[in-house]
Amino acid sequence: MSAKHTLTIEAVSKVFPLGRANGQGKTVTALDCTSFKVLDNEFLSIVGPSGCGKSTLLRLMAGLDTPTTGQVAYQGQAVQKPTGRIGLVFQDYSLLPWRTLVRNIELGLEFQGTTRRQARDKALEYLELVGLAQSSDAFPHELSGGMRQRAAIARALAVEPDVLLMDEPFGALDAHTRLLMQRELLAIWEKRRKTVVFVTHSIDEAVYLSDRIVVMEKDPGRVIEVLPVDLPRPRTRKNPDFGRLTESILELLKY
Amino acid sequence: MNQRLTSLLLPLVVPALFLWGWETTAVRVANDIILPRLGDVLAVLTHPLEPIIGMGSLFSNVGISLARVLFGYLAAVAVAIPLGILMGYCAGAHRLLNNFLSLFRPIPPLAWTPLMLAWFGITSPATVFNMEIGPTYIFFNNLKFSMAFIIFIGGFFPVLTSSIQGVRSVRRVLIESSLVLGANRFDIFRKVILPAASPSILTGMRIGLGVAWMCLVSAEMLPGSMSGVGYLITHAYTVGRQDIVITGMVSIGVMGALMDQGFRLCERRMLFWRGMS
């Protein structure tokens, strides 16, 4: 593993003002003095209960939000707004419903000023990568949830970001599709090595996918521990170490 | 097969009963001023190109009305869509204008009549641009500014409201996922917000056209009006021709329904993706 740090989260806190209904002037601390580093080309997962600030953290890394204190830095530079270098895959429904799949994948390339021809070629290449070449002219509503998420991943990858952030990308899928998607994501990751930060509710998913796991707690949201996953790939849930690691994370989260 | 036949016939039952009730009542009443017979109305309707009560044909009067509505309505759309998009997109513009415009919203278009007459009188594009007397002059002189304004007011607010709503209700995830793909503000506006808001804007345009069309009769009762279906109705009333009054009403109803259907067809063609994720 290279020791180069792609993303560094340095003493990051995020405080949100509460709405009027909950009392004026009150605030909620979504993230409290959180620090860790994301290594180059690693697959890092963030797990923790709802409200531990893992999605907030991802938004900060993507530049969609700025920390109240501390800093998120990408290659030594503070992340202040989205740049296109750090991609983000949302949980669901982020494709433009009026565009076909291939036109959706082209979207990011259009923003980056790629010519039409090149954008089309690249979009088709990435649809092929996620196994959707046959559905390039379908509209998002004609596809299953799993296919839509694969398209969303292809769209994020097509602009060739250095880091891919994923916010519970399989959260809305059924259990079966979810397992298939995990396997496919790993296959894609093997082909196009890049830094992935993957937020999930599922500890099983995190252990199956990641090089390292950031375990977070809530009230206030902070990191309890960062665990390496030293299981050989391709992984199988039959491996006793798989279960042991899952157990120890559950313990950390006090289940 | 039997079921299909029933479902085909079902929408015709009430109109048939209605026409039958009308005809029997008209025969019983036997007074053209209160209720003319079905056949009298049909006689006018089935000869749309024949001149009636010295006002030209039904067809030409419907045409003039249509031109008037389009004149006022297109002006309303041209102002309301950009303004609505601006107010939906830019919170400052919304704060600046929303309360002010809300004061005007509840005022019925017809209430503007006295002011409109005072401001515009019987001016029209023909008088303003000093057109030469001739067919073009006559056509444009029918498009009085006072009428256009009343139709404008009718069409304006539905289009404005739905444009604001359309822009405001664009889902955040669409905007944010485009931002992380490297979009700038202009990209977001052109490739995300405008298309996402278009169903709402189109619905507003359809409702606005309906309201504009409904303002027609009041607009055509203004001085200087010598033609149009609205005027045809009021004029037919003064000469006691209720069959022509009803013919006018039917024409307005049919034209309105046709335009509405046309719009719906466009909506379905263009916005097949609406409501789908």
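First, a word on scope: everything that follows refers to the structure included in this document. (Residues numbered from 1 in each chain as written. Chains lettered and ligands numbered in written order. Predicted model: local features only at pLDDT ≥ 70, side-chain atom pairs only at ≥ 80, totals over all residues.)

We now examine the overall build of chain A. Regarding its fold elements, chain A presents seven helices and ten strands. Relative to its length of 255 residues, chain A is compact, with a C-alpha radius of gyration of 19 Å against a globular reference of 18 Å. Overall size of chain A, expressed as C-alpha extent along the three principal axes, is 50 × 50 × 40 Å. Considering chain A as a whole, with its 255 residues, one finds that 41% of them fall into the buried category. Residue pairs at least 24 apart in sequence account for 69% of intrachain contacts in chain A once pairs closer than 6 positions are excluded. (Helix = DSSP H or I, 4+ residues; strand = E, 2+ residues; numbered from the N terminus. Rg over C-alpha atoms; globule rule 2.2 N^0.38 Å. Buried ≥ 20, exposed ≤ 12 C-beta atoms within 10 Å, placed from the backbone. Contact = placed C-beta atoms within 7 Å.)

Before going further, it helps to examine the overall build of chain B. In terms of helices and strands, chain B carries 13 helices and zero strands. If one aligns the C-alpha atoms of chain B with their principal axes, the spans along those axes are about 75 × 65 × 35 Å. Looking at chain B as a whole, 35% of its 277 residues are labelled buried. For chain B, long-range pairs separated by at least 24 residues make up 72% of all intrachain contacts whose partners lie at least 6 apart in sequence.

Moving on, we come to the interface of chain B and chain A. Counting residues at the interface gives 17 residues for chain B and 22 residues for chain A. Where the side of chain B that touches chain A is concerned, the elements lending two or more residues are α9 (172-180) and α10 (185-214) of chain B. A per-element tally of the side of chain B that touches chain A places α9(B) first, with seven residues. Taken together, the residues of the side of chain B that touches chain A sort by class into ten nonpolar, four polar and three charged. (Nonpolar A, V, L, I, M, F, W, Y, C, P; charged D, E, K, R; others polar.)

Turning our eyes to something else, we now look at the packing of helix α2 (residues 101-111) of chain A against helix α4 (residues 145-158) of chain A. Residues and elements named next belong to chain A. For the pair α2 and α4, interaxial distance at closest approach is 8 Å and the crossing angle is 30°. Between α2 and α4, the angle is such that the two are roughly parallel. The interaxial crossing formed by α2 with α4 has right-handed handedness. Contacts from Leu101, Asn104, Ile105, Leu107, Gly108 and Leu109 of α2 reach α4 at Ala151, Ala154, Arg155 and Ala158. Looking at the contact of α2 with α4 residue by residue, the classes come out as seven nonpolar, two polar and one charged. (Axes fitted to C-alpha atoms, helices over the stretch in contact; angles between N-to-C directions. Parallel < 35°, antiparallel > 145°, perpendicular 65-115°, else oblique. Left-handed = near helix turned anticlockwise from the far one by under 90°.)

One full turn of an α-helix is made of 3.6 residues, so residues set three or four places apart face in the same direction. Residues and elements named next belong to chain B. The end-to-end C-alpha separation of helix α4 (residues 91-104) is 20 Å, in line with the 20 Å expected for 14 residues at 1.5 Å each. At asparagine 98, α4 shows its maximal kink, close to 40°. Along α4, only zero of the 14 residues are buried, which leaves the element largely exposed. (Expected span 1.5 Å × (residues − 1). Bend = angle between axes of the 7 residues up to and from the residue.)

Bringing the sheet that holds strand β8 (residues 195-200) of chain A into the picture now. Residues and elements named next belong to chain A. Taken in spatial order, the six strands of this open sheet run β6-β7-β8-β3-β9-β10, and their pairing is mixed. Each edge of the open sheet carries a strand with a single partner, namely β6 (86-89) and β10 (222-228). Mean inter-strand twist for the sheet, computed between neighbouring axes without regard to direction, equals 20°. Across five bridges, strand β7 (residues 163-167) lies against β8 in parallel orientation. (Pairing = 2+ DSSP bridges.)

So, about unusual backbone geometry. All names here are of chain A. With an omega dihedral of -10°, the bond running from aspartate 219 to proline 220 counts as a cis peptide bond. Mapped onto the fold, proline 220 is located in the loop between β9 (212-217) and β10. Here the bond from arginine 233 into proline 234 is cis, since omega is -10°, no more than 30 degrees from zero. The backbone of glutamine 75 sits at a positive phi, close to 50°, despite the residue not being glycine. For glutamine 75, the location among the structural elements is in the loop between β4 (69-74) and β5 (77-78). Here glutamate 160, not a glycine, exhibits a phi torsion of approximately 50°, which is positive. Of note, glutamate 160 is situated in the loop between α4 and β7.

Residue and element names in this part refer to chain B. With 28 residues, helix α1 (residues 2-29) ought to run about 40 Å at 1.5 Å a step, and its terminal C-alpha atoms sit 39 Å apart, in line with that. Along α1, the helix axis deviates most sharply at leucine 10, where the bend reaches about 35°; the proline proline 11 sits within four residues downstream. Sparse coverage of α1 is indicated by the burial of zero of its 28 residues. Remark: alanine 30 follows α1 within two positions and exhibits a positive phi of approximately 50°.

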